[in-house]
Amino acid sequence: MKDIELSEKDTSGSDVSVDTYHVPVLGQELIAGLAVRAGGRYLDATLGGGGHTGLILAAADVTVVAIDRDEQAIRFCQTRFANAPVEFWHGNFAEYQSEDATFDGIIADLGVSSAQFDIPERGFSFRHRAKLDMRMNQQQSLTAEEIINRWDEVKLADIIYKYGEERLSRRIARRIVAQRPFESTTELAGAIASTFPPKQRNGRIHPATRTFQALRIAVNSELASLDTFLNQAPKWLKPGGRIGIITFHSLEDRPVKHQLRGTECLQVLTKKPIIAQSEEIARNPRSRSAKLRLAEKLT
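Residues numbered from 1 in each chain as written. Predicted model: local features only at pLDDT ≥ 70, side-chain atom pairs only at ≥ 80, totals over all residues. Heavy atoms only, no water.

**Observations regarding the pattern of salt bridges**
Inference 1: This model, assessed by the stated rule, comprises 11 salt bridges.
Inference 2: With its nearest N and O atoms 3.9 Å apart, the salt bridge here joins Arg174 to Glu153. Of this pair, Arg174 sits in helix α7 (residues 169-179) while Glu153 sits in helix α6 (residues 153-164), placing them 21 residues apart in sequence.
Inference 3: The exposure class assigned to Arg174 is partly exposed, which follows from its relative accessible area of 46%.
Inference 4: Across the salt bridge formed by Arg210 and Glu166, the nearest N and O atoms sit 2.9 Å from each other. Within this pair, whereas Arg210 is found in helix α9 (residues 209-220), its partner Glu166 is found in the loop between α6 and α7, the two being separated by 44 residues in sequence.
Inference 5: When its relative accessible area of 30% is taken as the criterion, Arg210 is described as partly exposed.
Inference 6: On the basis of relative accessible area, Glu166 is assigned to the buried category, the value being 1%.
Inference 7: Each of Arg37, Asp104 and Lys238 takes part in a single network of salt bridges with overlapping partners. (Salt bridge = Lys/Arg side-chain N within 4 Å of Asp/Glu carboxyl O. Helix = DSSP H or I, 4+ residues; strand = E, 2+ residues; numbered from the N terminus. Buried < 20%, exposed > 50% of the residue type's maximum accessible area, 1.4 Å probe, protein only.)

As structure tokens, then:
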């Protein structure tokens, strides 16, 4: 998860005040691995609340290009870094274009941000009743509501299995089609939970977790965007420049691992991914699933 936590939950387009930040996940490990050097130019491909960008700026006298598809995050960070050497770009990091070899370092903290997850109106979580939205970029048209209420049963089952790695995908899709239309996150979560045996409904992980992950990935084309980014980003690095990517589940980590290893111009610096230590997990439980992989562009 990225690092922004909003105190006033507003997605209407107005500015949002922010009181508290989570410590950026694997922040110190990422900055150390990036080997930030004075005068460098760095790309934060997943800005969020600006936690990692803030650490890069604090490490040395540098400039940062910051990308996020969430306009709310861009607006907040434009205020937060109003007097800092930060250039902002609103959009999907897969669509970003750069001249060859322009960055000394690139970072990406994948997945939904804490702010997006914790704001009920965004519809990413079933902890609160909200519309089925799940858009990282609220300017796009496709929402979770459209997928749930309009896609056919086979297509629903396929995305739940592929993106959620949910073994009950076909049973869940059948139940969704039988009971739709759905209007809220809690209504959908209840229907999903009802497809599980009673003993599995009250476990540590809510039965709807994997299906909600699948819907979010489908709404935002996360894996396709990641593939495009992984193919492009090494071209943007200067010789000796480094890339660090933080993932939160195997569907993200597998392509990152294989692409970093399979790119001829990169040398992998992390034989095994760096994970959060017990102290960080105690401060921020969401860091327990984070994995950091680093690579350096060959000279």
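**Overview of helix α10 (residues 222-236)**
Residues separated by three or four positions in an α-helix point in the same direction, a consequence of the helix having 3.6 residues per turn.
Inference 1: When the terminal C-alpha atoms of α10 are compared, their 21 Å separation across 15 residues agrees well with the 21 Å that a helix rising 1.5 Å per residue should span.
Inference 2: Residues of α10 that are buried: Glu222, Leu223, Ser225, Leu226, Phe229, Leu230, Ala233, Pro234 and Trp236. (Expected span 1.5 Å × (residues − 1).)

**Some words on the packing of aromatic side chains**
Inference 1: Within the structure shown, the criterion is met by five aromatic pairs.
Inference 2: Aromatic side chains Phe229 and Trp236 sit 6.2 Å apart centroid to centroid with 65° between the ring planes, which places their arrangement in the edge-to-face category.
Inference 3: A residue is classified by how much of its surface remains accessible, and Phe229, at 1% relative accessible area, is buried. (Phe/Tyr/Trp six-rings, centres within 6.5 Å; stacked < 30°, edge-to-face > 60°.)

**Points about helix α11 (residues 250-262)**
Inference 1: Between its terminal C-alpha atoms α11 stretches 18 Å, which fits the 18 Å expected from 13 residues at 1.5 Å a residue.
Inference 2: Among the residues of α11, those classed as buried are Leu251, Glu252, Asp253, Val256 and Leu260.
Inference 3: On its buried side, α11 packs onto α6, α9, α10, β7 (237-247), β8 (266-268) and β10 (291-297). (Contact = heavy atoms within 4.5 Å.)

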